[in-house]
Amino acid sequence: MPFTPFHLGPGLLLKGGAPRGVSWSAFAVSQIVIDLEPLYYLMRGEAPLHRALHTLPGAALVGAVTVALCLAGRWALERRAGLGNRILALAERRSVLYGEITLSGVVWGATLGSFSHVLLDALLYDDVYLFWPWTRATPLLGMLSPAAVILGCVVTGALGLVWIGWRLIREQLSGGGRST
Ligand SMILES: [Zn+2]
């Protein structure tokens, strides 16, 4: 299903657990990049909707493209003297924002985003072949019910939001800094 927001839930939990290590924006961008594929085939009315990008090699490619897009975004921000520099300066001071702009944060966010996406889709859709081009096996299909997958995404998202909020409040109370 193109652009389902449920995929973002696990990303919020990862961000809560490793605010400086994972870029949630990169995680989110990877969700959009990868689901351009089913959107394209949906608009053309051509089945199957999930093809080369919804595989493990495809996820690696999506991760690399996402890193390039995010680094291009950071480069564009750096070139904007006023607003861009203020955003980057703020990101340097807050641990939750800091992971958004570092290379390692972007790489981890993009990689975890694209691979978690295909793994979740592989639980739900019979046209997601993780190990293509080697095999069209669907070992994860049906392991969890669609309701369980969605519930898991909602719960991880809610927990992640609380965790991130708690970090922001704690940093605010301690006067900022990268203490976490
Ligand atoms: Zn998808």
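Note: the structure precedes this text.
Residues numbered from 1 in each chain as written. Predicted model: local features only at pLDDT ≥ 70, side-chain atom pairs only at ≥ 80, totals over all residues. Heavy atoms only, no water.

Q: Looking at this model, I keep getting lost on the nonpolar core. Mind explaining?
A: In a soluble, globular protein the nonpolar side chains are often hidden away together inside. Counting residues in hydrophobic clusters, the biggest one holds 8 residues: Val33, Ile34, Ala59, Val62, Val118, Ala122, Val128 and Leu130. When neighbours within four sequence positions are excluded, Ala122 is seen to be in contact with Val128, Leu130, Leu140 and Leu141. (Core = buried A, V, L, I, M, F, W, Y, C linked by side-chain atoms within 4.5 Å. Buried < 20%, exposed > 50% of the residue type's maximum accessible area, 1.4 Å probe, protein only. Contact = heavy atoms within 4.5 Å.)

Q: What is the right way to look at the side chain of Ser23 in this model?
A: Mapped onto the fold, Ser23 is located in the loop between α1 (8-17) and α2 (24-34). Residue class for Ser23 comes out buried when judged on its relative accessible area of 1%. At 3.2 Å, the side chain of Ser23 forms a polar contact with the side chain of Glu100. Beyond its immediate chain neighbours, meaning those up to four positions away, Ser23 contacts Lys15, Gly99, Glu100, Gly105, Val106 and Gly109. (Helix = DSSP H or I, 4+ residues; strand = E, 2+ residues; numbered from the N terminus. Polar contact = N/O pair within 3.5 Å; in protein donor to acceptor, adjacent residues only side chain to side chain.)

Q: Help me understand the coordination of the zinc ion in this model?
A: Reference values for coordination geometry: four tetrahedral donors around a metal ideally subtend 109.5 degrees, six octahedral donors ideally subtend 90 or 180 degrees. Around the zinc ion, the protein supplies Asp35 (OD), His54 (NE2), His117 (NE2) and Asp121 (OD) as donor atoms, at distances of 2.1 to 2.2 Å. Here the zinc ion binds 4 donor atoms, and the angle range of 91 to 174 degrees at the metal identifies the geometry as irregular. One chain supplies every donor for the zinc ion, spaced along it as D-x18-H-x62-H-x3-D. Placement of Asp35 in the loop between α2 and α3 (36-44) and of Asp121 in helix α7 (residues 103-124) is noted, with a sequence separation of 86 residues between them. For Asp35, a relative accessible area of 1% gives the class buried. Classification of Asp121 by relative accessible area gives buried; the value is 2%. (Donors = N, O, S within 2.8 Å, 3.2 Å for Na, K, Ca; no water. Tetrahedral: all angles 85-135°; square planar, octahedral: opposite > 155°, others 65-115°.)

Q: What exactly am I supposed to notice about unusual backbone geometry here?
A: Backbone geometry follows two general trends: most residues other than glycine have a negative phi, and most peptide bonds adopt the trans configuration. In this structure, Pro48 follows Ala47 across a cis peptide bond, with omega equal to -5 degrees. Looking at the secondary structure, you find Pro48 in the loop between α3 and α4 (56-79). Going from Trp132 to Pro133, the amide bond is cis rather than trans, its omega being 10 degrees. One can find Pro133 in the loop between α7 and α8 (146-173).

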